[in-house]
Amino acid sequence: MGADLGGSNLRVALLDAEHRVVCRWRCAVKELAVEGVREALHRGVRAVAGSEAIQGVGVGVPGLVEPSTGTVRVAPNLVGLSGVALGPDLERDLGVPVRVENDVNAIAVGEWARGAGRGARAVLVITLGTGVGGGLILDGSLYRGPDGSAGEVGHMPLYPQGPRCACGARGCLEMYASATAVVRAAQERGVPAEGGALSVACAARSGHRAAREVLARAGRALGVAAAGLVNLLNLERIVVGGGLAGAWDLLEPHARRELERRAFSAPLERFRWVPWQLGDDAGVVGASILARESLAP
Ligand SMILES: [Zn+2]
């Protein structure tokens, strides 16, 4: 079973041996304290399990986690979870082995194994949502780094004089390419953005100049970041997911132009940008794959 705990929703799914989703469940978790989150997970697991015998559960959590102990070290958007030994707690609640992993790492594993990253050995999965998240597959496995913090592409410094980010630094990629940043920039330019980043995309599609410029700016920031990453890591693919992935066709020409200006030609020949394929299922698919991996003898 896979679970994906986002900042506003909890998704739980039952998957078969080939990691195809058999059954889905979802509920809102905004404003829930840690007890509420545990209770919701319990409810979700029961709801999708039915009479199936569950072998294990993988849970993606928006924060820095220690997969070996199942402890959430920091979860900026679900404050009550910071410092919680979520894995052991859930194992007690559910009576099966539980693997806890960072949510975007789980999405990256899902897209790499079953979606748009299939067949590649060096992939960055980037999610453009409330923030900008990343998960890195290198040499055919998830690269976590010694502290489990690798892949945080959203806080890659891009413009040293740029606006102050929530992390304390200036000009991070997230300040330009998250759905939040797109909405903020659109509102500053008088573009209607009540429906979120995709309504900015709608305005751009119907020819709104300022809306097009806001998305172009996000695309350029992604292209500059990608050039550094392609040169550094010889990435084969960047898989673009999250809420803003629905506007990828509008971002892509700008991202491509900046990338082609900066990246070396050898890695560039192989490189491709691709929108995610599993969408909202990516997290539960990846979490279940990771759970199965840690169950393997
Ligand atoms: Zn930052």
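Residues numbered from 1 in each chain as written. Predicted model: local features only at pLDDT ≥ 70, side-chain atom pairs only at ≥ 80, totals over all residues. Heavy atoms only, no water.

Let's shift gears to the pairing of strand E2 (residues 9-15). In terms of residue burial, E2 counts as a mostly covered element, since 6 of its 7 residues are buried. For strand E1 (residues 2-5) and E2, the ladder comprises 4 bridges, and the chain directions are antiparallel. The partner of Ala-3 across the bridge, within E2, is Val-12. In this structure, the hairpin formed by E1 and E2 is closed by a connection of 3 residues. Where E2 meets strand E3 (residues 21-28), 7 bridges bridge the pair, whose relative direction is antiparallel. Paired with Leu-10 across the two strands is Cys-27, which belongs to E3. The hairpin formed by E2 and E3 contains 5 residues between the paired strands, and His-19 there has a positive phi angle of roughly 60°. (Buried < 20%, exposed > 50% of the residue type's maximum accessible area, 1.4 Å probe, protein only. Helix = DSSP H or I, 4+ residues; strand = E, 2+ residues; numbered from the N terminus. Pairing = 2+ DSSP bridges.)

The next subject is the side chain of Glu-101. By the secondary structure assignment, Glu-101 is in strand E7 (residues 98-102). On the accessibility criterion, Glu-101 (1% relative accessible area) is buried. A polar contact is formed between the side chain of Glu-101 and the side chain of Asn-105, at a distance of 3.1 Å. Not counting the four nearest positions on each side in its chain, Glu-101 is found in contact with Val-59, Gly-60, Val-61, Val-65, Pro-67, Ala-106, Leu-142, Arg-144 and Leu-290. (Polar contact = N/O pair within 3.5 Å; in protein donor to acceptor, adjacent residues only side chain to side chain. Contact = heavy atoms within 4.5 Å.)

For the rest of this paragraph, the subject is the domain arrangement of the protein. Taken domain by domain, the protein holds domain 1 (2-106 + 280-295) and domain 2 (119-276). Centre-to-centre separation of domain 1 and domain 2, based on C-alpha positions: 26 Å. Between domain 1 and domain 2, the contact holds 9 residues from the first and 12 residues from the second. Note on domain 1 versus domain 2: buried area summed over both sides is about 820 Å², and carbon and sulfur give 53% of it. When the buried surface of domain 1 facing domain 2 is broken down by residue, Leu-64, Val-104 and Asn-105 rank first, second and third, together holding 56% of it. (Domains from an automatic or database assignment. Buried area = accessible area lost by both parts, 1.4 Å probe.)

Before going further, it helps to spend a moment on the packing of aromatic side chains. Under the definition given, this model contains 3 aromatic pairs. Plain terms: the ring middles of Tyr-159 and Tyr-176 are 5.0 Å apart, the flat faces sit at 75° to each other, and that makes the pair edge-to-face. In this pair, Tyr-159 sits in the loop between strand E10 (141-142) and helix H4 (174-177) while Tyr-176 sits in helix H4, placing the two residues 17 residues apart along the sequence. By relative accessible area, which is 8% here, Tyr-176 ends up buried. Seen from their ring centres, Phe-271 and Trp-273 are 5.5 Å apart, and the 85° between their planes marks the pair as edge-to-face. Neither Phe-271 nor Trp-273 differs from the other in exposure class; each is buried. Joined through ring pairs, the aromatic side chains of Trp-248, Phe-271 and Trp-273 make up one cluster. (Phe/Tyr/Trp six-rings, centres within 6.5 Å; stacked < 30°, edge-to-face > 60°.)

On to the coordination of the zinc ion. In ideal tetrahedral geometry, four donors around a metal make angles of 109.5 degrees, whereas ideal octahedral geometry with six donors gives angles of 90 or 180 degrees. All of the protein donors around the zinc ion are His-155 (ND1), Cys-165 (SG), Cys-167 (SG) and Cys-172 (SG); their distances to the metal are 2.1 to 2.4 Å. In this structure, the zinc ion is surrounded by 4 donor atoms whose angles at the metal cover 104 to 121°, and the resulting shape is tetrahedral. Spacing between the donor residues of the zinc ion along the chain follows H-x9-C-x1-C-x4-C. (Donors = N, O, S within 2.8 Å, 3.2 Å for Na, K, Ca; no water. Tetrahedral: all angles 85-135°; square planar, octahedral: opposite > 155°, others 65-115°.)

Our next topic: the sheet that holds strand E11 (residues 237-241). Within a sheet, each strand pairs with its neighbour through backbone hydrogen bonds, oriented either parallel or antiparallel. One open sheet accounts for 5 strands, arranged E10-E9-E8-E11-E12; its pairing is mixed. Each end of this open sheet is capped by a strand with a single partner; those strands are E10 and strand E12 (272-275). Note that strand E8 (residues 123-128) and strand E9 (residues 132-138) share 6 bridges and pair antiparallel. Across the sheet, Leu-128 pairs through a bridge with Val-132, a residue of E9. Its contacts with the sheet put helix H3 (residues 103-114) on E8, E9, E10 and E11, and the angle it makes with E9 is roughly 50°. (Axes fitted to C-alpha atoms, helices over the stretch in contact; angles between N-to-C directions.)

Here we have 5 strands laid out as an open sheet, ordered E3-E2-E1-E4-E7, and mixed in their pairing. The open sheet has two edge strands with one neighbour each: E3 and E7. Each adjacent strand pair in this sheet contributes to an overall mean axis angle of 15°, direction not counted. The sheet contacts of helix H1 (residues 34-49) involve E1, E2, E3 and strand E4 (57-61), and relative to E3 the element is tilted by about 150°. Running over the sheet, helix H2 (residues 86-94) touches E4 and E7 and is turned about 145° from E7.

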